[in-house]
Amino acid sequence: MIRVLGIETSCDETAASVVSLANDSRPEILSNIVLSQIEEHAAFGGVVPEIAARAHVEALDGIVEAALADSGFDLSDIDAIAATAGPGLVGGLIVGLMTAKAIAAAAGKPLIAINHLEGHALTARLTDGLEFPYLLLLVSGGHTQIVRVAGVGDYQRWATTIDDALGEAFDKTAKMLGLPYPGGPNVEKAAATGDSTRFAFPRPMKGSAQPDFSFSGLKTAVRQASAAIAPLTEQDVCDICASFQAAVADALADRVLRALNRFRAEFQAIETPALVVAGGVAANRAIKQTLEQLCRQTGFRFVAPPLKLCTDNAAMIAWAGIERLQSGMVDADAFDFVPRSRWPLDGVSAPVVGSGRRGAKA
Ligand code: KG4
Ligand code: ZN
């Protein structure tokens, strides 16, 4: 039996969780506490790093205590402490990693520094017991990536955004239209009563031989369309949201289909390969339906972990810690690990100029 305490503080959620893995049985989430800072940032229309770091300092002790209490175990029953060490906002990362170092040192337990993206990448093994290899679509506020996941520590990025992340495009569109933060859910809500055919927005990269995503041109098209008909009525806003969402779903489908075909070609022996979706944008029903349909058409299995585990949480960090322990991939120098605001999952693929958002949300 292994039990790991996970800590996550890379953006605007303060989270702690205990996950266990018994011999020859499924993993179990014994506790999973997430404190969102959304209200603290809402007035600013986005995450403010300084406010986030302070909020983590204030909350983390209590959140860790609550996660241990909920799990029914003491620190002495925990085998290791796993903490997000990057990528993300460096203030929050320092709070989480330093707290984890202090707990691990005081309790005499090993410390495991986890890449936040690895947490997202391995979640489907925690929730669905998925076997390697599989394809991951990560769509969040800070990242838009397609990653081939072939083993613990074996990740190959097949596509990324060359400008805005998808969640960021939703948030910026919402802001332009006067919808409250966070934008994604509000754009989806408005889109429900909008006409998706009223505006012919571009489908960025559609048909391109290059594998990557791009969303900033779409954002510009939304701005221009809004300016042309300003002042906007409520129905105008709904129509723009619906047209924007349709363009996003269409562009996404084109990019993901390319990756599905590549996966098929590279792993011909796998009869029913899997596409896993993670990140906050996975909450969007139109996008989910598009991906589901794509998987049906191509014979892929579609795996969408429960939303609570798709968005930022510490259970995925504890689980990544367990996976690393099981694979003997624990860094002996973890106590010297310095938080990394930028930390690509796939160290081999070249960085893409302009991608990501100030190292913030992942
Ligand atoms: O994974 P997440 O909770 O946090 C990180 O980015 O790490 O993702 C948040 C992002 C935000 O940009 C938010 O607007 C977007 O996910 N989002 C959505 C929806 N719900 C959240 N985007 C589109 N439709 C939604 N229903
Ligand atoms: Zn994330």
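Residues numbered from 1 in each chain as written. Chains lettered and ligands numbered in written order. Predicted model: local features only at pLDDT ≥ 70, side-chain atom pairs only at ≥ 80, totals over all residues. Heavy atoms only, no water.

### Focus on the pairing of strand β7 (residues 144-151)
Each regular strand displays side chains that alternate between the two surfaces of the sheet.
Then, in step 1: Most of β7 sits inside the fold, with seven of its eight residues counted as buried.
Then, in step 2: Taken together, the six bridges between strand β6 (residues 134-139) and β7 define a ladder with antiparallel strand orientation. Across the sheet, Y134 pairs through a bridge with V149, a residue of β7.
Then, in step 3: Hairpin geometry of β6 and β7 is characterised by an intervening segment of four residues between the two adjacent antiparallel strands.
Then, in step 4: Inspection of the sheet shows β7 paired to strand β8 (residues 154-160) by six bridges, in the antiparallel sense. Counted as the bridge partner of G151 is D154 from β8.
Then, in step 5: Taken together, β7 and the strand that follows it, β8, pair antiparallel across an intervening segment of two residues, in which G153 is found at a positive phi of about 80 degrees. (Buried < 20%, exposed > 50% of the residue type's maximum accessible area, 1.4 Å probe, protein only. Helix = DSSP H or I, 4+ residues; strand = E, 2+ residues; numbered from the N terminus. Pairing = 2+ DSSP bridges.)

### Overview of helix α7 (residues 216-229)
Then, in step 1: End to end, α7 covers 21 Å across 14 residues, agreeing with the expected 20 Å (1.5 Å per residue, within 8%).
Then, in step 2: Listing the buried residues of α7 in full gives L218, K219, A221, V222, A225 and S226. Angular distribution of buried residues about the axis of α7 spans 160 degrees; they occupy a single face of the element. α7 presents Q224, A227 and A228 as exposed residues on the side facing more than 90 degrees away from its buried surface.
Then, in step 3: Contacts from the buried residues of α7 go to α5 (166-176) and α8 (234-266). (Expected span 1.5 Å × (residues − 1). Arc of directions from axis to C-beta. Contact = heavy atoms within 4.5 Å.)

### A closer look at the sheet that holds β7
Then, in step 1: With respect to topology, five strands assemble into an open sheet ordered β8-β7-β6-β9-β10, the strand pairing being mixed. In the strand order of this sheet, the two ends are held by β8 and β10 (301-303), each with one partner. Looking at each pair of strands side by side, their axes are set apart by 25 degrees on average, direction ignored.
Then, in step 2: Bridge analysis of β6 against strand β9 (residues 274-278) gives four bridges, and the strand direction is parallel. Note that in β9 the partner of L136 across the bridge is V276.
Then, in step 3: Against the sheet, helix α9 (residues 285-298) engages β6, β9 and β10, with an angle of about 155 degrees to β10. (Axes fitted to C-alpha atoms, helices over the stretch in contact; angles between N-to-C directions.)

### Focus on the sheet that holds strand β3 (residues 27-36)
Then, in step 1: Strand order across the open sheet formed by five strands is β3-β2-β1-β4-β5, with mixed pairing between neighbours. The sheet is open, and its two borders are formed by β3 and β5 (111-115), each paired with just one other strand. Averaged over neighbouring strand pairs, the angle between their axes works out to 20 degrees when direction is ignored.
Then, in step 2: As paired strands, strand β1 (residues 2-8) and strand β4 (residues 80-86) are joined by four bridges and run parallel to one another. In the strand pairing of β4, L5 is matched with I81.

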